[in-house]
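What follows is the residue order along each chain.
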Amino acid sequence: MSGGFEAKAAAWAGASEEAEINNIVVTAPPTSFQKALKPRPIPEDWSFTILSVGDIMMHSPQTKAGRLPDGAGYDFRFMFEKVAPILQEADLVVGNLETPLAGADNGGFTGYPLFNAPEELAGNLKEAGFSLVSTANNHSLDRKYQGLCTTLNHLDSAGLLHTGAFRTPEERAQLLYIEVKGVKLAAIAATYGTNGLQLPGEYSYALNYIQEERLLEDIRKARAEGARYVVLMLHWGVEYQPKPGSEQVAMAMRLLEGGADLILGNHPHVLQRGEAIHPGDEEDEPGKTKFVMYSQGNFVSNQEGLERLCSMLLKLTIGVDGATGEPYFKEAGYIPIYTQKRNAQGVSKHTVWPLELAMAELEAGGAAFNGEDRANIPKAWEHVIRSQPDLTLLTLQDTPLWEALSN
């Protein structure tokens, strides 16, 4: 193409020379042609970040800790105050809401085995920085279909996006799309099951289950409707197991080969590995890099045991090609976190700490922690790091966030 432009330019120059000799006036090349001779600048790439967390659980001690002194409602901001500055830095913040918000008149507020938490939690999550929650997990039907619908209503009122559970067939038929930094993302959530609880036949559309062909159909639909990046949020695996099963790994590869870009897994309540994957294309050559996090563990809970009290904030940096607008995986990093269940006086007050901040507090005397936490925190740091050999540990000190976290 450029050779053609050069030939035309030379022809114009030759015509001008000949015209001067013969006193003939030659019209200059059109402006559009002149512009075509100049190389067009290639737009720079840009990027956006996705921050993802594990299970957001609400056991009875957590609910009681959030009860306001006058008994007129609940406030759970204390759970997220230590990590909120980190969440608020990301372009999209994702979590798994593993409790209905079905209202006090729907069986009361309860923890395990049939959860139901106050609806104030939705607003607290939004204020902390969350953008999107999955509502497809094994506790989605703890308050049956009506509780599922009430949960979605409360999430809507708080301005939190959600997917995985649906109030109507029309809602199920419409995939969730989110625009992040000019890129159209699709979010799809599904669960392996619901602890034996079943929807009546007329409401069979209300919850998305992990059916591989259905997931592949949704991925194809998302692509056909213009999604440039497809995120799957899957509630799967075996509880308390530190490694994914072989069938999980195989399914993840098939879903990524089928068009998904990112898989965020939950349910085991402990960390499993995250890894970048290069699915093969039709010629068995590596395709573009994709990512799977098999289990993100617990974000906040009242469960016992070190492995269930520590996890991480998964930070994914997604680049966007400036010329094509095509997103691509750049980096996966993580920030270790720890849930402090009781304050220094032994009173229930579940607070999620960045472990680096908790370590600094220990070095300063550890006045914020009880004896159990002081023993757990160094072990938690080592456990999280060992669980993610392929990811980048992200430190917070010497970053602008550190001051905000330390106040």
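These numbers were taken from a predicted model, which means no experiment stands behind them.

A.B. asks: I keep staring at the overall build of the protein and nothing clicks. Help me out?
C.D. replies: A count of helical and extended segments in the protein gives 14 helices and 15 strands. Relative to its full complement of 407 residues, the protein shows a buried share of 51%. Of all intrachain contacts in the protein linking residues separated by at least 6 positions in sequence, the fraction that spans at least 24 positions is 71%. Only carbon and sulfur atoms are counted for the fraction: they give 51% of the accessible area of the protein, which is about 18600 Å².

A.B. asks: Help me out: how do you make sense of the sheet that holds strand 6 (residues 183-191) in this one?
C.D. replies: Sheet strands pair via backbone hydrogen bonds, and the direction of the pair is either parallel or antiparallel. With mixed pairing, the six strands of this open sheet are ordered in space as 5-6-7-8-10-9. Both outer strands of the open sheet, strand 5 (176-180) and strand 9 (274-277), are each paired with one neighbouring strand and no more. Sheet twist, expressed as the average angle between the axes of neighbouring strands with direction ignored, equals 20 degrees. Note that strand 5 and strand 6 share five bridges and pair antiparallel. Note on strand 6: the bridge partner recorded for L176 is A187. Of the strands in this sheet, strand 5, strand 6 and strand 7 (229-235) touch helix 9 (residues 212-224), which is tilted by about 155 degrees from strand 7. Taken strand by strand, helix 10 (residues 246-257) contacts strand 7, strand 8 (262-266), strand 9 and strand 10 (290-293), and its axis lies near 150 degrees from that of strand 8.

A.B. asks: What is the right way to read the packing of helix 12 (residues 355-363) against helix 13 (residues 371-387) from this model?
C.D. replies: Angle between the axes and distance between the axes: these two values describe a pair of packed helices. Following both chains from N to C, one finds helix 12 and helix 13 inclined at 145 degrees, their axes separated by 10 Å at the closest point. For the pair helix 12 and helix 13, the crossing hand works out as left-handed. For the pair helix 12 and helix 13, contact is made by L355, E356, A358, M359 and L362 and by R374, I377, P378, A380, W381 and V384, respectively.

A.B. asks: Before we go on, may I ask you to explain the packing of aromatic side chains in this structure?
C.D. replies: Any pair of aromatic rings gets described here by the distance separating the centres and the angle formed by the planes. Following the criterion strictly, the structure yields eleven aromatic pairs and no others. Taking 6.4 Å as the distance between ring centres and 85 degrees as the angle between the ring planes, the aromatic pair formed by Y203 and Y205 counts as edge-to-face. On the accessibility criterion, Y205 (17% relative accessible area) is buried. Above the plane of the ring of Y177 lies K184, whose end atom (NZ or CZ) is 4.3 Å from the centre.

A.B. asks: Mind showing me how you'd approach helix 9 here?
C.D. replies: Every α-helical turn comprises 3.6 residues, leaving residues that sit three or four positions apart pointing alike. For helix 9, which comprises 13 residues, the first-to-last C-alpha distance of 18 Å matches the rise-based estimate of 18 Å (1.5 Å per residue) to within 8%. Among the residues making up helix 9, those that are buried are L215, L216, D218, I219 and A222. For helix 9, the angular spread of buried residues about the axis comes to 160 degrees, placing them on one side. Buried residues in helix 9 make contact with helix 8 (169-173), strand 5, strand 6, strand 7 and helix 10. Positive backbone phi, at 100 degrees, marks G226, one or two positions downstream of helix 9.

A.B. asks: Is there a simple way to think about the pairing of strand 8 in this case?
C.D. replies: Each regular strand displays side chains that alternate between the two surfaces of the sheet. Summarising burial for strand 8: five of the five residues are buried, a large majority. A crossover links strand 7 with its parallel partner strand 8, the connecting element being helix 10, and its sense is right-handed. Sheet topology places strand 8 next to strand 10; three bridges connect them, and they run parallel. Its bridge partner being in strand 10, L262 is matched across the sheet by F291.

A.B. asks: Quick question: what am I supposed to make of the pairing of strand 2 (residues 92-97) here?
C.D. replies: Across the six residues that make up strand 2, a large majority, six, are buried. Of the two faces of strand 2, the one lined by L92, V94 and N96 and the one lined by V93, G95 and L97 are each fully buried. Bridging between strand 1 (residues 46-56) and strand 2 involves five bridges; their strand directions are parallel. In the sheet register, S52 faces strand 2, and the bridge partner there is V94. Sheet topology places strand 2 next to strand 3 (residues 132-134); three bridges connect them, and they run parallel. Within the sheet, the bridge partner assigned to V94 lies in strand 3 and is L132. What joins strand 2 to strand 3 is helix 6 (residues 120-128), and the crossover it makes is right-handed.

A.B. asks: Just checking my understanding: could you explain empty space enclosed by the protein for this structure?
C.D. replies: Where empty space is left in the structure can be found by rolling a water-sized probe over the atoms. Enumeration according to the criterion identifies five cavities of 30 Å³ or more in this entry. Taken as a whole, the largest cavity encloses approximately 80 Å³ of empty space. Along its surface, the largest cavity is lined by L97, T99, P100, T135, N137, S140, L148, T151, L152 and A165. A total of three residues in the lining of the largest cavity trace back to one element, the largest contributor, which is helix 7 (residues 144-158). When its residues are assigned to classes, the lining of the largest cavity shows five nonpolar, five polar and no charged.

A.B. asks: Just checking my understanding: could you explain the packing of helix 9 against helix 10 for this structure?
C.D. replies: Where helix 9 contacts helix 10, the two axes come as close as 10 Å, and the packing angle between them is 25 degrees. Taken together, the axes of helix 9 and helix 10 are roughly parallel relative to one another. In the packing of helix 9 onto helix 10, the handedness of the crossing is right-handed. Mapping the contact onto sequence places E212, L215, L216 and I219 in helix 9 and M251, R254 and L255 in helix 10.

A.B. asks: Would you take a moment to explain helix 6 for this structure?
C.D. replies: When helix 6 is considered as a whole, its buried residues turn out to be L121, A122, N124, L125 and A128. Buried residues along helix 6 cover an arc of 165 degrees about the axis, so they all sit on one side. In the stretch just after helix 6, G129 is the one whose phi turns positive, near 130 degrees.

A.B. asks: Please clarify how the pattern of salt bridges should be interpreted in this entry.
C.D. replies: Charged atoms that come close allow side chains of opposite charge to pair. Applying the stated criterion across every chain yields a total of 16 salt bridges. Between R223 and D261 there is a salt bridge, with the nearest N and O atoms lying 2.5 Å from each other. Remark: D261 occurs in the loop between helix 10 and strand 8 and R223 occurs in helix 9; sequence separation between them is 38 residues. Here D261 falls in the buried class, since its relative accessible area comes to 0%. With a closest N to O distance of 2.9 Å, R228 and E326 form a salt bridge. Note that R228 is positioned in the loop between helix 9 and strand 7 and E326 in the loop between strand 12 (310-320) and strand 13 (327-342), a separation of 98 residues in sequence. Overall, R228 belongs to the partly exposed group, its relative accessible area being 30%. Under the relative-accessibility criterion, E326 is labelled partly exposed at 30%. One salt-bridge network, in which partners are shared between bridges, spans R223, R228, D261, K288 and E326.

What counts and what doesn't
- Residues numbered from 1 in each chain as written.
- Predicted model: local features only at pLDDT ≥ 70, side-chain atom pairs only at ≥ 80, totals over all residues.
- Heavy atoms only, no water.
- Helix = DSSP H or I, 4+ residues; strand = E, 2+ residues; numbered from the N terminus.
- Buried < 20%, exposed > 50% of the residue type's maximum accessible area, 1.4 Å probe, protein only.
- Contact = heavy atoms within 4.5 Å.
- Areas by Shrake-Rupley, 256 points an atom, 1.4 Å probe, with all protein chains shown as cover.
- Pairing = 2+ DSSP bridges.
- Axes fitted to C-alpha atoms, helices over the stretch in contact; angles between N-to-C directions.
- Left-handed = near helix turned anticlockwise from the far one by under 90°.
- Phe/Tyr/Trp six-rings, centres within 6.5 Å; stacked < 30°, edge-to-face > 60°.
- Lys NZ or Arg CZ within 6 Å of the ring centre and 35° of its normal.
- Expected span 1.5 Å × (residues − 1).
- Arc of directions from axis to C-beta.
- Right-handed = clockwise from strand over helix to strand, strands pointing away.
- 1 Å grid on protein atoms, 1.4 Å probe; cavity = no way out; pocket = protein on both sides within 12 Å on 5 of 7 lines; lining within 4 Å.
- Points joined across faces, edges and corners; volume = space filled by probe spheres on them.
- Nonpolar A, V, L, I, M, F, W, Y, C, P; charged D, E, K, R; others polar.
- Parallel < 35°, antiparallel > 145°, perpendicular 65-115°, else oblique.
- Salt bridge = Lys/Arg side-chain N within 4 Å of Asp/Glu carboxyl O.

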